[in-house]
Amino acid sequence: MSLRACLSVLVLGAAAFCARADEAPSLQGAWQLQSGEFINKEGVPVAYASQKLAGTKLLADGQFAFTTTSDGKFWAGGSGTYRTEAGRYVETPLMASYPLENGGSYEFRYTLQGDVWTLERWEGERRVEREIWKRAPTP
């Protein structure tokens, strides 16, 4: 099969995959990382900007995939399933470029205001991660 044919199949498959969307339709689509921070092993907040992180996440039909770069070089990536309920977003990677924690699921509190999606992950009463995503413009 030619590269062009393979790309056509991939694009058509992705379009059909997205068209079947029935879970959390307001979150479905492509997202671009705007900013964030995490708590490092020493307990110190680290701004994503200081690491020059950029990322893209795709949500469709209960599945997600993301890639993140640091200063233009691959930093992390993963894909798997997600679910939402009552302001919670739970991501369960099936493949990841990093060791999984917390039994392999990551639970976030989230808000969606227009095209801005904010995720916060907590451990007890301490926020350990915060990400702000903006919906990617459609072509």
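Preceding block: the structure.
Keep in mind it's a predicted model, so treat the numbers as computed, not measured. (Residues numbered from 1 in each chain as written. Predicted model: local features only at pLDDT ≥ 70, side-chain atom pairs only at ≥ 80, totals over all residues. Heavy atoms only, no water.)

(A) Structural detail: the side chain of R121. Checked against the element boundaries, R121 lands in strand 8 (residues 116-123). Of the residues examined, R121 reaches a relative accessible area of 11% and is grouped as buried. Within the structure, R121 has its side chain in polar contact with the side chain of E129 (distance 2.9 Å). If near-sequence neighbours (up to four positions away) are discounted, R121 is found in contact with E101, N102, Y106, E107, F108, R126, R127, V128 and E129. (Helix = DSSP H or I, 4+ residues; strand = E, 2+ residues; numbered from the N terminus. Buried < 20%, exposed > 50% of the residue type's maximum accessible area, 1.4 Å probe, protein only. Polar contact = N/O pair within 3.5 Å; in protein donor to acceptor, adjacent residues only side chain to side chain. Contact = heavy atoms within 4.5 Å.)

(B) Expanded view of the nonpolar core. L27, L59, Y89, W117 and L119 are the most contacted members of the largest nonpolar core, which has 17 residues in total. Among the elements of the structure, strand 1 (29-39), strand 3 (53-60), strand 4 (63-70), strand 5 (73-85), strand 7 (106-113) and strand 8 are those that each provide at least two residues to this core. With 3 residues, strand 7 is the single largest residue contributor to this core. Look past the residues within four positions of L27 in its chain and what remains in contact with it is L59, T84, Y89, Y110, L112, W117 and R135. (Core = buried A, V, L, I, M, F, W, Y, C linked by side-chain atoms within 4.5 Å.)

(C) The arrangement of the pattern of salt bridges in detail. Counted under the stated rule, the structure contains 9 salt bridges. Note that E107 is salt-bridged to R88, the shortest N-O span being 2.7 Å. Within this pair, whereas E107 is found in strand 7, its partner R88 is found in strand 6 (residues 88-96), the two being separated by 19 residues in sequence. A relative accessible area of 42% places E107 in the partly exposed class. A salt bridge links D115 to R135; its shortest N-O distance comes to 3.2 Å. Linking D115 in the loop between strand 7 and strand 8 with R135 in strand 9 (residues 126-135), this pair joins segments that are 20 residues apart in sequence. (Salt bridge = Lys/Arg side-chain N within 4 Å of Asp/Glu carboxyl O.)

(D) View of the layout of surface pockets. Empty space within the largest pocket amounts to approximately 790 Å³. In terms of lining residues, the largest pocket is bounded by 25 residues, among which W75, Y98, Y106, R121 and E129 are the most central. Every element with two or more residues in the lining of the largest pocket is listed here: strand 1, strand 3, strand 4, strand 5, strand 7, strand 8 and strand 9. It is strand 9 that contributes the most residues to the lining of the largest pocket, 4 residues altogether. When its residues are assigned to classes, the lining of the largest pocket shows 15 nonpolar, 2 polar and 8 charged. (1 Å grid on protein atoms, 1.4 Å probe; cavity = no way out; pocket = protein on both sides within 12 Å on 5 of 7 lines; lining within 4 Å. Points joined across faces, edges and corners; volume = space filled by probe spheres on them. Nonpolar A, V, L, I, M, F, W, Y, C, P; charged D, E, K, R; others polar.)

(E) Fine view of the pairing of strand 4. Where burial is concerned, the two faces of strand 4 differ: the one with F64, F66, T68 and S70 is buried and the one with Q63, A65, T67 and T69 is not. Of the pairings in the sheet, the one linking strand 3 to strand 4 comprises 8 bridges and is antiparallel in character. Its bridge partner being in strand 4, K57 is matched across the sheet by F66. Between strand 3 and strand 4, which follow one another and run antiparallel, lie 2 residues, and D61 among them has a positive phi close to 55 degrees. Across 8 bridges, the pairing between strand 4 and strand 5 is antiparallel. From the neighbouring strand, F66 faces strand 5, where its bridge partner is G78. (Pairing = 2+ DSSP bridges.)

(F) Here's a closer look at the pairing of strand 5. The antiparallel hairpin formed by strand 4 and strand 5 contains 2 residues in its connecting segment, where D71 sits at a positive phi of about 55 degrees. Note: strand 5 against strand 6, 8 bridges, orientation antiparallel. Bridge assignment links G78 to a residue of strand 6, and that residue is A96. The loop that links strand 5 with its antiparallel partner strand 6 comprises 2 residues; one of these, A86, has a positive phi angle of about 45 degrees.

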